[in-house]
Amino acid sequence: MSKICILGNIGVDILHHVPRLPEAHEKVSSQKTSLARGGAPANVAHWLARLGHEIQFIGVTGSDLFSRYAIECLDKLGVDVNNVLQRDDVAPSLASIFVHGSEKSMICAGSSNKGKYWHGLFEKLDFSPFELVHCQSTLHEHLFCKRHATWLGKALVSTDLNGHYSRRLLQDFDLCFTNHDELTRALEGSDIASILDADFANRAYHLVVTNGQQPVFAHLPEAHVFCPVAPFKVVDATGAGDAFCAGYLHATLQGADVIACLETGIQLSKAALSGDGACPDNEEVDAIINGLS
């Protein structure tokens, strides 16, 4: 398996299972409330570790109970968390998520003062041992502040756009992930197909767009490839995109073609959708992991 470095947010999700998503000024009672590990990069690290890869996770978080719990979850999976920086002046990363089957809404909270710590971390990082470097898109400027060839070596570099979109991001990262809703908001409801056609013309970009149980698209320089998604039961939609991302990366590192990468991402997303939280642990998850490992 591959040696992978993942950088970004690590935190805790507060899950509220509700009979429906509330409307404006409406109070809806939670049918069940629970805590689960969270943070999109940490979720990707979880699934890639479950698939047997050697993971180093790098992040900045607080020294509180929530932050310690999130770190311990990765540590128990064998993820190297020695470069997760904990600081008393950094608040925990918390997401309040309202879940109704395949629908969800969330409110995120955390510190805005992590930048100075990230700068210090990047000064001492060495990416040369890694085959893959995956990070959240907000770390783009830190990651590409030096020349790509010397800074990142031969590593494949990927990101979750997480609501951002620009030609610069598509150009610098080898592989970008997003979902249809986030992409629509980032492009302010414009004609997505036309914009992507224009942006991808004569450029070596690689963008993968998920859309719930609708077909998944991989936009490549040579073609737009799509893969249908068979209907399946959704217990909790939290973190499905992160699991898809991990599955796609897993197949990519094994040298699979694009269709196989899409299919692997879909399979792993089904594992995430089979239980509560972004990283459930049940027999269905074990069966899917064993099938993909």
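Refer to the structure printed above.
The paragraphs below set out a description of the structure included in this document. Think of each chain on its own: its residues are numbered from 1, step by step along the sequence as written. Residues qualify for local features only when their pLDDT is at least 70, as the model is predicted, and side-chain atom pairs are given and counted only at 80 or more; totals for whole chains, interfaces and linings, by contrast, use all residues. Excluded from the side-chain calculations are hydrogens and water; all other atoms, namely the structure's heavy atoms, are used.

## Focus on the pattern of salt bridges
Test applied: Just to be clear on terms, a salt bridge is a Lys or Arg side-chain nitrogen sitting within 4 Å of an Asp or Glu carboxyl oxygen. Under the DSSP-based scheme used, a helix requires at least four consecutive residues in state H or I and a strand at least two consecutive residues in state E, with every element numbered from the N terminus. For the exposure calls, accessible area comes from a 1.4 Å probe over protein chains only, and a residue counts as buried if that area is under 20% of its type's maximum, exposed if over 50%, partly exposed in between.
In this structure the tally under the stated criterion is 7 salt bridges. Arg50 is the salt-bridge partner of Asp281, the closest N and O atoms lying 3.9 Å from each other. With Asp281 in the loop between helix H10 (258-272) and helix H11 (283-292) and Arg50 in helix H1 (residues 40-50), this residue pair connects regions lying 231 residues apart in the sequence. By relative accessible area, Arg50 is classed as partly exposed at 21%. Among the ionic pairs, Asp199 bridges to Arg167, the shortest N-O distance being 2.7 Å. With Asp199 in helix H8 (residues 192-200) and Arg167 in helix H6 (residues 167-172), this pair connects stretches of sequence that are 32 residues apart. Overall, the relative accessible area of 7% leaves Asp199 in the buried class. Judged by its relative accessible area of 39%, Arg167 is partly exposed.

## Brief notes about the sheet that holds strand S3 (residues 32-38)
How we decide: Here the rule is simple: two strands pair whenever DSSP picks up at least two bridges between them. Axis angles are defined between N-to-C directions and span 0 to 180 degrees, where every axis is a line fitted to C-alpha atoms and, for a helix, only to the segment in contact. By the convention used here, residues are in contact when the closest approach between their heavy atoms is within 4.5 Å.
Read from one edge to the other, the open sheet built from 4 strands follows the order S3-S2-S6-S7, with strand pairing classed as mixed. Strand pairing shows two members of the sheet lacking a second neighbour, S3 and strand S7 (103-109), which therefore form its edges. Averaged over all adjacent pairs, the angle separating strand axes in this sheet is 20°, with direction ignored. Relative to strand S6 (residues 94-100), strand S2 (residues 11-17) is paired through 6 bridges, and the arrangement is parallel. Bridge assignment links Ile14 to a residue of S6, and that residue is Ser96. Sitting on the sheet, helix H2 (residues 65-76) touches S2, S3 and S6, and the angle it makes with S3 is about 65°.

## Let's talk about the packing of helix H9 (residues 240-253) against H10
The test is simple: Left-handed describes a crossing in which the near helix is turned anticlockwise from the far one by less than a right angle; the clockwise case is right-handed. Only Asp, Glu, Lys and Arg are considered charged, only Ala, Val, Leu, Ile, Met, Phe, Trp, Tyr, Cys and Pro nonpolar, and every remaining residue, Gly among them, polar.
Relative orientation of the contacting elements H9 and H10 amounts to 140°, with a least axis distance of 7 Å. The interaxial crossing formed by H9 with H10 has right-handed handedness. Judged by residue contacts, Ala240, Ala243, Phe244, Ala246, Gly247, Tyr248, His250, Ala251 and Thr252 of H9 engage Val258, Ala260, Cys261, Leu262, Thr264, Gly265, Ile266, Leu268, Ser269 and Ala272 from H10. The residue inventory of the contact of H9 with H10, partitioned by class, reads 13 nonpolar, 6 polar and no charged.

## Remarks on the pairing of strand S12 (residues 216-219)
Two strands pair when backbone bridges link them, and strand S11 (residues 207-210) and S12 are joined in this way by 3 bridges, in the antiparallel orientation. Directly across from Val208, in S12, lies its bridge partner Ala218. The loop that links S11 with its antiparallel partner S12 comprises 5 residues; one of these, Gly212, has a positive phi angle of about 60°. With 4 bridges joining them, S12 and strand S13 (residues 224-227) adopt antiparallel strand pairing. Within S13, the residue paired with His219 across the bridge is His224.

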